[in-house]
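Here are the chains, one letter per residue:
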Amino acid sequence: MLDIDEKKVEYWLEKAEGSSRGQRAFGLFQEGYNCSQAVVLAFADLIGMDEKALARMTSSFGGGMGRLREVCGAVSGMFFVAGALYGYEAPGAAGQQEKAAHYARIQELAGEYRAVNGSIVCRELLGLATPGADQPTPELRTAEYYKKRPCGQLVMLAATILESYIEEHPTDRQGV
């Protein structure tokens, strides 16, 4: 059973209703983008890269890394955007402080997502009993698909959490 913080669930669900980026990510997922692409493309204007390039760069992360059902693609997308906006550049000792600060940021974002959903692992979020990879061919996006999968809500949540983080921690790297 997944450990969920009910107060955080209530807080983030309410916040998601008014989140422009959360709603955008949800819409992009409904259009057929995978979970990671939907989150990243909701922030494309801040990243400052071509949307087609971003869609290609994040296409491997859907389904918990190519349907391996590992780290949720929405979480991977959230981390991708965080890296683009706040990530470190200097290798080795020169970048040690920035690296530590960035990893703390990633853990904070993951912690918020985990508190609401109980996990950041795709397989666990979907309630799949069998560990390991799924068939590589994704299911067609039908009305039935959207009814049985929480992924639309998960991308909305990831984008909402990140939107809130960005509002609280402005960066001068936006559009870079």
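Everything here concerns the structure above.
Per chain, the residues get numbers from 1 upward, laid out in the order the sequence is written. Residue-level local features of this predicted model are given only where pLDDT is at least 70; pairs of side-chain atoms are given and counted only at 80 or more, and the full residue set underlies all totals for whole chains, interfaces and linings. Side-chain metrics in this entry use all non-hydrogen atoms of the structure; hydrogen atoms and water are not considered.

Q: Help me understand the overall build of the protein in this model?
A: Where helices and strands are cited, they refer to DSSP runs of H or I of at least four residues and of E of at least two residues respectively, numbered from the N terminus. Within the protein, the regular secondary structure consists of 11 helices and 0 strands. Each helix and strand of the protein, ordered N terminal to C terminal, gives the series α-α-α-α-α-α-α-α-α-α-α. Throughout, radius of gyration means the C-alpha value; the globule benchmark is 2.2 Å times the number of residues raised to the power 0.38. Taking 16 Å as the expected radius of gyration for a compact globule of 176 residues, we find that the protein reaches 16 Å, a close match to that expectation. Its C-alpha atoms put the protein at 50 × 35 × 35 Å along the principal axes. Throughout, exposure labels follow a simple rule: accessible area from a 1.4 Å probe, protein chains only, divided by the maximum for the residue type, with under 20% read as buried, over 50% as exposed, and the rest as partly exposed. Counting every position in the protein, which comprises 176 residues, the buried fraction comes to 45%. Note on contacts: a residue pair qualifies if any of its non-hydrogen atoms lie within 4.5 Å across the two residues. Sequence separation of at least 24 residues holds for 72% of the intrachain contacts in the protein that already meet a minimum separation of 6.

Q: Mind showing me how you'd approach helix H7 (residues 73-86) here?
A: Given 3.6 residues to a turn, an α-helix orients residues that are three or four positions apart in the same direction. In this scheme, a helix's expected span is set at 1.5 Å multiplied by one less than its residue total. Over its 14 residues, H7 runs 19 Å from end to end, which matches the ideal 20 Å to within 8%, given 1.5 Å per residue. Summarising burial for H7: 10 of the 14 residues are buried, a large majority. Regarding H7, the residues found buried are Gly73, Ala74, Val75, Ser76, Gly77, Met78, Val81, Ala82, Leu85 and Tyr86. In this structure, the buried side of H7 is in contact with helix H3 (35-41), helix H4 (44-47), helix H6 (62-65), helix H8 (96-117) and helix H11 (151-168).

Q: Could you clarify how one ought to interpret the pattern of salt bridges in this entry?
A: Opposite charge on two side chains lets them pair, provided their charged atoms get close. Put simply, a salt bridge is a Lys or Arg side-chain nitrogen that is within 4 Å of an Asp or Glu carboxyl oxygen. Tallied over the full model, the rule gives 6 salt bridges. Salt-bridge contacts for Arg21 lead to Asp45; the nearest nitrogen and oxygen are separated by 2.7 Å. Taken together, the residues Arg21 in helix H2 (residues 20-31) and Asp45 in helix H4 connect sequence positions 24 residues apart. Arg21 sits in the buried class, given a relative accessible area of 17%. Glu139 is the salt-bridge partner of Arg149, the closest N and O atoms lying 2.8 Å from each other. Of this pair, Arg149 sits in the loop between helix H10 (143-148) and H11 while Glu139 sits in the loop between helix H9 (122-125) and H10, and the two are 10 residues apart along the sequence. On the basis of relative accessible area, Glu139 is assigned to the partly exposed category, the value being 32%.

Q: What's the story with the layout of surface pockets in this structure? I'm lost.
A: Over the atoms rolls a probe the size of a water molecule, and its path tells where empty space is left. Every definition here rests on a 1 Å grid over the protein atoms only: cavities are sets of points where a 1.4 Å probe fits but cannot get out, pockets are open sets enclosed by protein on both sides within 12 Å along at least five of seven lines, and lining residues have some atom within 4 Å of a point. Grid points are joined across faces, edges and corners, and a volume is the space filled by probe spheres set on the points. Here the largest pocket defines a volume of roughly 410 Å³. Lining the largest pocket are 28 residues, and of these Asn34, Gly62, Gly63, Arg141 and Tyr145 sit closest to its centre. Of all elements in the fold, only H3, H6, H9 and H11 reach the threshold of two or more residues within the lining of the largest pocket. Polarity classes work like this: nonpolar for Ala, Val, Leu, Ile, Met, Phe, Trp, Tyr, Cys and Pro, charged for Asp, Glu, Lys and Arg, and polar for all others, with Gly in that last group. Broken down by class, the residue content of the lining of the largest pocket amounts to 13 nonpolar, 10 polar and 5 charged. When its volume is computed, the second largest pocket comes out at roughly 160 Å³.

Q: Sorry if this is basic, but what is going on with the environment of Lys8 here?
A: Inspection of the secondary structure puts Lys8 in helix H1 (residues 6-17). Classification of Lys8 as partly exposed rests on a relative accessible area of 28%. Spatially, the C-alpha atoms of Lys8 and Tyr113 are 9.3 Å apart, while their sequence positions differ by 105 residues. The residues contacting Lys8, other than those within four sequence positions of it, are Glu112, Ala115 and Val116.

None of the figures reported here should be taken as evidence of function without further support.
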